[in-house]
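Chain residues, written in single-letter form:
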Amino acid sequence: MLLEETLKSCPIVKRGNYHYFIHPITDGVPIVEPKLLREVAIRIIKIGNFEDVDKIVTAEAMGIPLATILSLYTDIPYVIMRKREYKLPGEIPVFQTTGYSKGQLYLNGINKGDKVVIVDDVISTGGTMIAIIEALKKAGAEIKDIICVIERGNGKKEVEEKTGYKIKTLVKIDVVDGKVVILDK
Ligand SMILES: O=P(O)(O)OC[C@H]1O[C@H](OP(=O)(O)OP(=O)(O)O)[C@H](O)[C@@H]1O
Ligand code: HPA
């Protein structure tokens, strides 16, 4: 499939000690082909539970194209956790760490009791997913499903153990000797 094929040939750069892979779905670079975007969206819809869901939730920046296409296919609205503070009433700030960055994420637009599906491009250390789940719990949302396109490292397992939620992914990878390798899940 196109997702696996494009991952195998994508470039790797170092960000501190972190070997960062650069791929259209995770970075929008060098170019996002509609064929790939469609394949990823359809694969997410096939494994995801979008029944009776009020909102799709994602994190800035690279969850946004995914949430947009999923929203168009499912007719479910979406909420973006932004890195910018808006100071709106009820805004929920949470701390986010990744393998190469630290910062804040801000949640708006979720009401108590909302049924949500979380979607993101990658889960690596799991720091971002922990922040998203924490914010949604504070908002009183009911998390119906969590789907990430790509998993690498131990983040998925750690978040599952810590939170009790199951995280679905499309592909598991590792970065070995400057290359992406596809792993069995
Ligand atoms: O499991 P983790 O180690 O937290 O890594 C995963 C997160 O890293 C990336 O986000 P980033 O904050 O770099 O923003 P971007 O979408 O702008 O690249 C990606 O979009 C995930 O949200
Ligand atoms: O290696 C990566 N590449 C792209 N996005 C990411 N988000 C976490 N890790 C990565």
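Residues numbered from 1 in each chain as written. Chains lettered and ligands numbered in written order. Predicted model: local features only at pLDDT ≥ 70, side-chain atom pairs only at ≥ 80, totals over all residues. Heavy atoms only, no water.

Note the threshold: UniProt positions are given in the numbering used here, feature names are shortened, and annotations may be inferred rather than shown by experiment.
An unreviewed UniProt entry lists the chain under the name Hypoxanthine/guanine phosphoribosyltransferase, with Methanocaldococcus lauensis given as the organism. Heading Subunit (unreviewed entry) of the UniProt record for the chain holds this comment: "Homodimer." Looking at the chain in UniProt, the text filed under Function (unreviewed entry) is "Catalyzes a salvage reaction resulting in the formation of IMP that is energically less costly than de novo synthesis."

1. Things to note about the pairing of strand S3 (residues 55–59)
To keep it simple, the criterion reads: Burial classification: accessible surface area is computed with a 1.4 Å probe over protein chains only, and a residue below 20% of its type maximum counts as buried, one above 50% as exposed, and the rest as partly exposed. Working definition: helices are DSSP H or I runs of at least four residues, strands are E runs of at least two. Numbering for both runs from the N terminus. A pair of strands is considered paired only if DSSP assigns at least 2 bridges between the two. For a crossover, the right-handed case is the one in which the path from the first strand over the helix to the second runs clockwise, viewed with the strands pointing away from the viewer.
With respect to burial, S3 is a largely interior element, five of its five residues being buried. Here S3 shows a buried face lined by Lys 55, Val 57 and Ala 59 and a second buried face lined by Ile 56 and Thr 58. With three bridges connecting them, S3 and strand S7 (residues 115–123) associate as parallel partners. Paired with Lys 55 across the bridge in S7 is Val 116. Note: S3 against strand S4 (residues 78–81), four bridges, orientation parallel. Bridge assignment links Ile 56 to a residue of S4, and that residue is Tyr 78. At this point the chain moves from S3, through helix H4 (residues 64–74), to the parallel S4, and the crossover so formed is right-handed.

2. Structural notes on helix H5 (residues 127–139)
Since the α-helix advances by 3.6 residues per turn, residues separated by three or four positions end up pointing in the same direction. Counted only if it meets this: What a helix should span is 1.5 Å times the count of its residues minus one.
For H5, with 13 residues, the first-to-last C-alpha span of 19 Å sits near the 18 Å given by 1.5 Å per residue. Taken as a whole, H5 has its buried residues at Gly 127, Thr 128, Met 129, Ala 131, Ile 132, Ile 133, Ala 135, Leu 136 and Ala 139.

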